[in-house]
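Architecture and fold: a report
One letter stands for each residue in the lines below.
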Amino acid sequence: MPTFPQGALDVVDAPGAQAAVRTLEAAPEVAVDLEADSMHAFRARLCFLQLATDSEVFLLDTLQPGVDASLLAALMADPARTKYFHAAQGDLQFLAEVGVRVRGLFDTHRAATLLGWPKVGLADLARERLGVELPKEHQQSDFSLRPLPPGMRDYIANDVRYLCELGRQVREACREADILEEVLLDCTRMCDEAVARPDVGADFKPKLPRSGLSAAQLTLANAIAQALHRKRLEWAEQDNVPMGRMLSNMAVTDLAVKPPGNPRELARAAGVRGAFVRAHGDEVLTLIREQLEKSRRGELEADAEPRGPRDPNRRKREEALKAFRVEKALARKVTPSAVLTNPLLEALAARPPASLEELSALPYLGEKRVRLYGQELLALLAPLPVLGG
C-alpha cells in the first residue's frame, strides 16, 4: 500500500514561496491543482495553487503579496518533470494568463476518458484505485475567504495529496492498454492550446430554438438575448458576481423567446429570481420593449454567420472517419477517441492529406497512428476531395 504525504505547509509569503519552489524543483513528479473564486466573483481570481510531491504538500496562497504563480514558471516549463493534473484545461488557462506554460503534463481525467473508464472524476478514481474517499462538499465554496476554514483547507490539500500515486497508476493503465502515446499527445495539445481565459461573456451565442419561430421572430429573440447579455455583464460587474448568477443563460433564452410585458410575466420566466426582478425588472422590460419597437420598424438585422466556400464532401468525410475509428477501436479494444480524437477527426475532415508526409505533419497525430492507420486513412479520404462552393 503506498504512503501519502501527511499534513500540508501553508505558503503565505515570498520567502516561503521561494523555499517551496526549491523543494518542488528537486522532485521528478509534481501534482498540481488550483482554486479560484469562480463561483463568487465577476472575473475569477487565482486564490490557491496546491502542489504535492510524494512526501510534501504545499498550499500557495496566491492572494498574499509575493506568493506568485510566476515563481513556478521554470518548474512548469520543464518537460523532464511530470506534472499530474486532473481536468487541466481551466487550470492551464489560469496559469497561461500569468505567463506560466506547462510542459510534461499528464492529465488523469483525460487519460481515464481515453481509457474508456465509466467514472473519471477525481473522487471516483481515488476511491476505485486507492481506496481513498475524497469529500467534494466544497466544490462551489469561496476560496477567497481568509482565513480559509479548516475543512476547506483539508479539501484543497487532498486534491493533490494522492495525485502523484494516482497519476502513476493511471499512466501504467494507459501503457497496458497501449494508448500511452496517444494520451501524451493529447496532453501536449492541451498545453499548446492553453491561452489566457477569454473575456467574461465573450462570443455569447444564445441557444435559441430553430423550430417553431419564424425568421423575424428568431431575429427578434436574438436581439433581445444579446441586449440582455450586455446588461447582465454590466450588472454583474457592478455587483462583482458571476454573470450566470445575475441572470442565467436559461433565463436569457426564456425571456428572448417569450418576451414578458409586465413584472408578473417577468417573474414567471424560467430561472428569473424575485430579487433580480426587484433590482432590475424595470430595466429589463424597457430593454425588451425597445427591441420589440425596433422589430416593428424593421430595424433589426438577421444574425448572419459568415460562411466560407461550401464543401459538400466534408460531412461524408466526417462520417467515414467516425466509422473508421469505431472499427479500429473494436479491433484494438480501445475507445474510439484513442484511435482519433475529435480534434484530429475534424482536422482530417477539413483538410484531408494527400500523402503520408502530409499526414505525418498533422499536429498531435503521432508516429504510431501514421504507422497503424496511415495508408488506410489516405485511401479512405482520397475519393472525397475538398470541393469549393
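Structure report, in brief. Every chain's residues receive numbers from 1 upward, in the order its sequence appears when written. Totals for whole chains, interfaces and linings use all residues, but because this is a predicted model, local features are given only for residues with pLDDT of at least 70 and pairs of side-chain atoms are given and counted only at 80 or more. To obtain the side-chain values, all non-hydrogen atoms of the structure were included, while hydrogens and water were left out.

Looking at the state of the cysteines
Two cysteine sulfurs form what is called a disulfide whenever their separation falls within 2.5 Å. Applying the stated criterion across every chain, the model contains zero disulfides. In this structure cysteine 191 is a free cysteine whose sulfur lies 7.0 Å from that of cysteine 187, the closest cysteine sulfur available. When a residue's accessible area, from a 1.4 Å probe over protein chains only, is under 20% of the maximum for its type it is buried; when over 50% it is exposed; and in between it is partly exposed. Judged by relative accessible area, cysteine 191 falls into the buried class, the value being 4%.

So, the layout of surface pockets
In this analysis the probe radius is 1.4 Å and the grid spacing 1 Å, with only protein atoms considered; a cavity is a set of points the probe fits into but cannot get out of, a pocket is an open set with protein on both sides within 12 Å along at least five of seven lines, and lining residues have an atom within 4 Å of a point. Grid points are joined across faces, edges and corners, and a volume is the space filled by probe spheres set on the points. Its volume calculated, the largest pocket comes out at about 580 Å³. Lining the largest pocket we find 25 residues, and of these Asp33, Leu34, Glu35, Gln139 and Tyr155 sit closest to its centre. Helix and strand labels come from DSSP, where a helix needs a run of H or I of at least four residues and a strand needs a run of E of at least two; each type is numbered from the N terminus. Counting residues per element, the ones that place at least two in the lining of the largest pocket are β2 (29-36), α3 (89-97), α5 (122-130) and α6 (150-161). The greatest single-element share of the lining of the largest pocket, amounting to five residues, is contributed by β2. We call Asp, Glu, Lys and Arg charged. Ala, Val, Leu, Ile, Met, Phe, Trp, Tyr, Cys and Pro are nonpolar, and the rest, Gly among them, are polar. Looking at the lining of the largest pocket, its residues break down into 12 nonpolar, eight polar and five charged.

Points about the side chain of threonine 82
Considering the arrangement of structural elements, one finds threonine 82 in strand β5 (residues 82-85). A relative accessible area of 16% places threonine 82 in the buried class. Residue contacts are counted whenever heavy atoms from the two residues lie within 4.5 Å of one another. Here threonine 82 is in contact with Pro28, Glu29, Val30, Gly104, Phe106 and Arg171, once residues within four sequence places are set aside.

Points about the sheet that holds strand β1 (residues 9-11)
As summarised here, the arrangement of the six strands in space is β1-β4-β3-β2-β5-β6, forming an open sheet in which the pairing is mixed. Only two strands of the sheet have a single neighbouring strand rather than two, namely β1 and β6 (105-107). For this sheet the average axis-to-axis angle between neighbouring strands, irrespective of direction, equals 25°. Pairing of β2 with β5, which is carried by three bridges, proceeds in the parallel orientation. Paired with valine 30 across the bridge in β5 is lysine 83. Here an axis means a line fitted to C-alpha atoms, over the contact stretch when the element is a helix, while the angle between two N-to-C directions is reported on a 0 to 180 degree scale. Most of the contacts of helix α7 (residues 163-176) go to β5, to which it runs at about 100°, and overall it touches β2, β3 (46-52), β5 and β6. We treat two strands as partners when DSSP finds at least two bridges between them.

Some details on the nonpolar core
In this text, buried Ala, Val, Leu, Ile, Met, Phe, Trp, Tyr and Cys residues form a nonpolar core when linked through side-chain atoms within 4.5 Å. One finds Leu49, Leu51, Leu72, Leu105, Cys174 and Leu340 to be the most contacted residues of the largest nonpolar core, which totals 90 residues. Apart from the residues lying within four places of it in its own chain, the contact partners of cysteine 174 are Phe106, Ala111, Leu115, Ile179, Leu180 and Val183. Phe42, Phe204, Met246 and Ala269 belong to the second largest nonpolar core, which has 30 residues in total.

With respect to the environment of aspartate 311
Assignment of secondary structure puts aspartate 311 in the loop between α13 (274-296) and α14 (314-332). C-alpha of aspartate 311 to C-alpha of proline 385: the two residues are 74 residues apart in sequence and 9.0 Å apart in space. The contact partners of aspartate 311, leaving out residues within four places of it in the chain, are Arg317, Pro385, Val386 and Leu387. Polar contact criterion, stated in full: a pair of N or O atoms within 3.5 Å, where within protein one must be able to donate a hydrogen and the other to accept it, and residues adjacent in sequence count only if both atoms are side-chain atoms. Among the polar contacts listed, one links the side chain of aspartate 311 to the side chain of arginine 317, at a separation of 2.3 Å.

As for α7
Counted at 1.5 Å a residue, the expected span for α7 with its 14 residues is 20 Å, and the 20 Å between its end C-alpha atoms agrees. If you check which residues of α7 are buried, you get Leu163, Cys164, Glu165, Leu166, Gly167, Val170, Ala173 and Cys174. Note on α7: the residue one or two positions beyond its end, aspartate 178, has a positive phi of about 60°. Between the first and last residue of a helix there are one fewer steps than residues, each counted as 1.5 Å, and that sum is the expected span.

Digging into the packing of aromatic side chains
Side-chain rings of Phe, Tyr and Trp (the six-membered ring for Trp) are treated as a pair once their centres are within 6.5 Å; stacked means planes under 30 degrees apart, edge-to-face means over 60, and tilted covers the remaining angles. Per the counting criterion, the structure on display carries five aromatic pairs. Arranged with centres 6.0 Å apart and planes meeting at 80°, the rings of tyrosine 84 and phenylalanine 106 form a pair that is edge-to-face. In this pair, tyrosine 84 is assigned in strand β5 and phenylalanine 106 in strand β6, connecting sequence segments 22 residues apart. Accessibility classification places tyrosine 84 together with phenylalanine 106 in one group, the buried group. An angle of 70° between the planes, with centres 5.7 Å apart, marks the rings of tryptophan 235 and phenylalanine 276 as edge-to-face. Of this pair, tryptophan 235 sits in helix α9 (residues 215-239) while phenylalanine 276 sits in helix α13; the two residues are 41 residues apart in sequence, bridging distant segments of the chain. A relative accessible area of 3% means that tryptophan 235 is categorised as buried.

Details of empty space enclosed by the protein
This structure, assessed with the given rule, holds one cavity of 30 Å³ or more. In this model, the largest cavity occupies a volume close to 40 Å³. In terms of lining residues, the largest cavity is bounded by Leu92, Ala96, Val100, Arg101, Val102, Cys191 and Ala194. Broken down by class, the residue content of the lining of the largest cavity amounts to six nonpolar, no polar and one charged.

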